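Tertiary structure, described
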Amino acid sequence: MKHILTLLTALLLAPLAALPAADDPKPADKLNILFILTDDQRWDALGCYGNPVIQTPHIDRLAENGTLFTNSFVTTSICAISRASILTGQYARRHGVHDFYKTLSVSQMEKTYPVLLRESGYYTGFIGKWGVGNTVDATNLGAEYFDYWAGVSHQGNYWHERTCNHVLHDGIHDKTSNVCDCPPQQRGKRTVSGPEVRFGKGSIQDPVHYTTEVIPEKFRAFLSSRDRQKPFNMSISLKEPHQPFDCDPKFKHLFKGVLMPVRSNATVEAAGNKKYAHRSKISTKMGFVENQELDGPLQRQLRDYYRLIAQADDAVGQILIALEEAGLSDNTVIVYTSDNGYLVGEHGLTGKWLPYEESLRVPAILYDPRSPKKQECHETVLNIDMAPTILDLAGVQVPATIQGKSMLPLLKNPQPQVPFRTEWFYEHHHDGSGRIQPTEAVMSDGWKYVKYLNHDDAGSEELYQLSSDPYELENLRGNSEYDVFLQTFRTKMATFRETLR
């Protein structure tokens, strides 16, 4: 541990692991590609996005030495569907995954970015939450498509027994046998098995933390065991900052006594024009947003949420150390993003699902050792752009079935004369057995149009001018001055529905 802390300190005091300057010659070999995905992380929960409280020095250094995208969004704000979109580069209406249970077909998997990279000569690996299909069997379908496999089913767990089968599995042999066999835990009247969602570590005798200990160790094992004649592609899926808010003890007291920043739309008044949003399970009790004292529920949740992100940053720091120790820092591109955002009291809501900024806006950082450092790009990019970007980095042809666009031109010119994207579509059709209100939305030139699909009254439509109303406080749907504008958006939505299939 002392060795790790020394290395972490050295990294903080230096440029990104002595990475080459932007004018250094391009490496002769193909680039390695590391894709890091967090779970439920909104865009403003990083220091590099201007958060004045959170502590994320390692992720911030990726932005310092790479390109930070300030307007990055997901096309569906929930993990399973967004992950399917990231893998395929497709909207949900094309890949067909609309819930937690459906998996991608064999033909669809064969067109995902990791499989295409493997076919082109990359050594591929996956560590962490798979998330497309909420069972062990569904997760195991992914195992055959990777050379190194440490995928976990369900939501994954923060704590494991040190002798857990998944912890000890080598990632290479009999890959579908890596299932967690931690002791069962009693949750109310239910007994949950090892791979199912557990809380805390009460049933575990010798606990090991998955993010701060297991994932870095598995990444080091991947680097040691890989075929060195091939470039590698590793996808690491961190559980943070997804609930339960159960952090490594070394982060337990982080932010103690600190008043966390709260957005101005986390009020009872801001909830007033969200008629159908509050019929979803993510609606809070108004006391949650009314009480913003240091010891109130909103402040406690923000501290818990930020601790998990600091914990994720710790893992990223260890991963960067492993790359440097293996001599791979100057030939590895790192992509960092999240599967969706998270509402913490905004509009009287908590969670994700719905098409409001805090729910669908995510961080996106692309570090390429060949590109200029510390760039900001304000163009709109989407989760469906990740697959074509990664394929483009590898020089692999992007299939015509992919609906996203490569972001690589934005590394060379982060402020293009022709906008990268002027409008896009959002969809969320899963109703959570009646607990979630399905929605669609269109974003175009600084405007947002929202439609609650199961309703046809005036309250089922929302219209916001984001350029003047970034907190989505004034629904212009009832203002007759915008009737023509409203009809234009209805037409745009109908067009998206047809053309994106």
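Okay, so let's go over this structure. (Residues numbered from 1 in each chain as written. Predicted model: local features only at pLDDT ≥ 70, side-chain atom pairs only at ≥ 80, totals over all residues. Heavy atoms only, no water.)

1. What to know about the overall build of the protein chain
Across its full length, the protein chain holds 15 helices and 18 strands. Taken against the 2.2 N^0.38 rule, which gives 23 Å for 501 residues, the C-alpha radius of gyration of the protein chain at 22 Å falls within 12% of a compact globule. In terms of overall dimensions, the protein chain has C-alpha extents of about 65 × 55 × 45 Å along its principal axes. The buried share of the protein chain, reckoned over its 501 residues, is 61%. The contacts in the protein chain between residues at least 6 apart in sequence include a share of 71% that link residues at least 24 apart. (Helix = DSSP H or I, 4+ residues; strand = E, 2+ residues; numbered from the N terminus. Rg over C-alpha atoms; globule rule 2.2 N^0.38 Å. Buried < 20%, exposed > 50% of the residue type's maximum accessible area, 1.4 Å probe, protein only. Contact = heavy atoms within 4.5 Å.)

2. Thoughts on the sheet that holds strand β3 (residues 123-129)
Here eight strands make up an open sheet; going across it, the order is β4-β3-β9-β1-β10-β13-β2-β14 and the pairing mixed. Strand pairing shows two members of the sheet lacking a second neighbour, β4 (148-152) and β14 (375-382), which therefore form its edges. Strand-to-strand twist in this sheet, taken as the mean axis angle between neighbours without regard to direction, amounts to 15°. In this sheet, β4 lies alongside β3 in parallel orientation, the contact comprising five bridges. Of the residues in β4, the one forming a bridge with Ile-127 is Ala-150. Packing of helix α2 (residues 57-64) onto the sheet brings it into contact with β2 (67-73), β10 (332-338) and β13 (364-367), and relative to β13 it is tilted by some 65°. In the packing of helix α11 (residues 297-325) onto the sheet, contacts are made with β1 (32-38), β9 (232-237) and β10, and the angle to β10 comes to roughly 170°. (Pairing = 2+ DSSP bridges. Axes fitted to C-alpha atoms, helices over the stretch in contact; angles between N-to-C directions.)

3. A look at the packing of α2 against α11
Working note: a packed helix pair is described by the angle between its axes plus the distance between those axes. The geometry of α2 relative to α11 is characterised by a closest axis approach of 7 Å and an angle of 60° between their N-to-C directions. Taken as axis vectors, α2 and α11 run oblique relative to one another. The residues of α11 that touch α2, namely those facing Pro-57, His-58, Ile-59, Arg-61 and Leu-62, are Asp-313, Asp-314, Val-316, Gly-317 and Leu-320. (Parallel < 35°, antiparallel > 145°, perpendicular 65-115°, else oblique.)

4. Some remarks on the pairing of β9
With six of its six residues buried, β9 lies for the most part within the structure. Burial along β9 is two-sided: the face carrying Phe-232, Met-234 and Ile-236 and the face carrying Asn-233, Ser-235 and Ser-237 are both buried. In terms of strand pairing, β1 meets β9 through five bridges, oriented parallel. Residue Ile-33 lies in a different strand from β9, and its bridge partner there is Asn-233. Pairing geometry for β3 and β9, over six bridges, is parallel. The partner of Gly-125 across the bridge, within β9, is Met-234.

5. So, the packing of aromatic side chains
Summed over all chains, the structure comprises 24 aromatic pairs. On the numbers, 6.3 Å between centres and 75° between planes, the contact of Phe-100 with Tyr-101 is edge-to-face. According to the relative accessible area criterion, Phe-100 is buried, its value standing at 19%. Judged by its relative accessible area of 56%, Tyr-101 is exposed. Between the aromatic rings of Trp-130 and Trp-149, the centroid separation amounts to 5.5 Å while the plane-to-plane angle is 70°, which identifies the pairing as edge-to-face. Here Trp-149 lies in strand β4 and Trp-130 lies in the loop between β3 and α7 (136-140), a separation of 19 residues in the sequence. The exposure class of Trp-130 is buried, given its relative accessible area of 4%. A residue is classified by how much of its surface remains accessible, and Trp-149, at 1% relative accessible area, is buried. Taken together through their ring pairs, the aromatic side chains of Tyr-123, Tyr-148, Phe-219, Phe-222 and Phe-232 make up a single cluster. The ring of Trp-159 is capped by Lys-201, whose NZ or CZ atom sits 4.0 Å from the centre of that ring. Here Lys-239 stacks its cationic end above the ring of Tyr-158, 5.2 Å away from the centre of that ring. (Phe/Tyr/Trp six-rings, centres within 6.5 Å; stacked < 30°, edge-to-face > 60°. Lys NZ or Arg CZ within 6 Å of the ring centre and 35° of its normal.)

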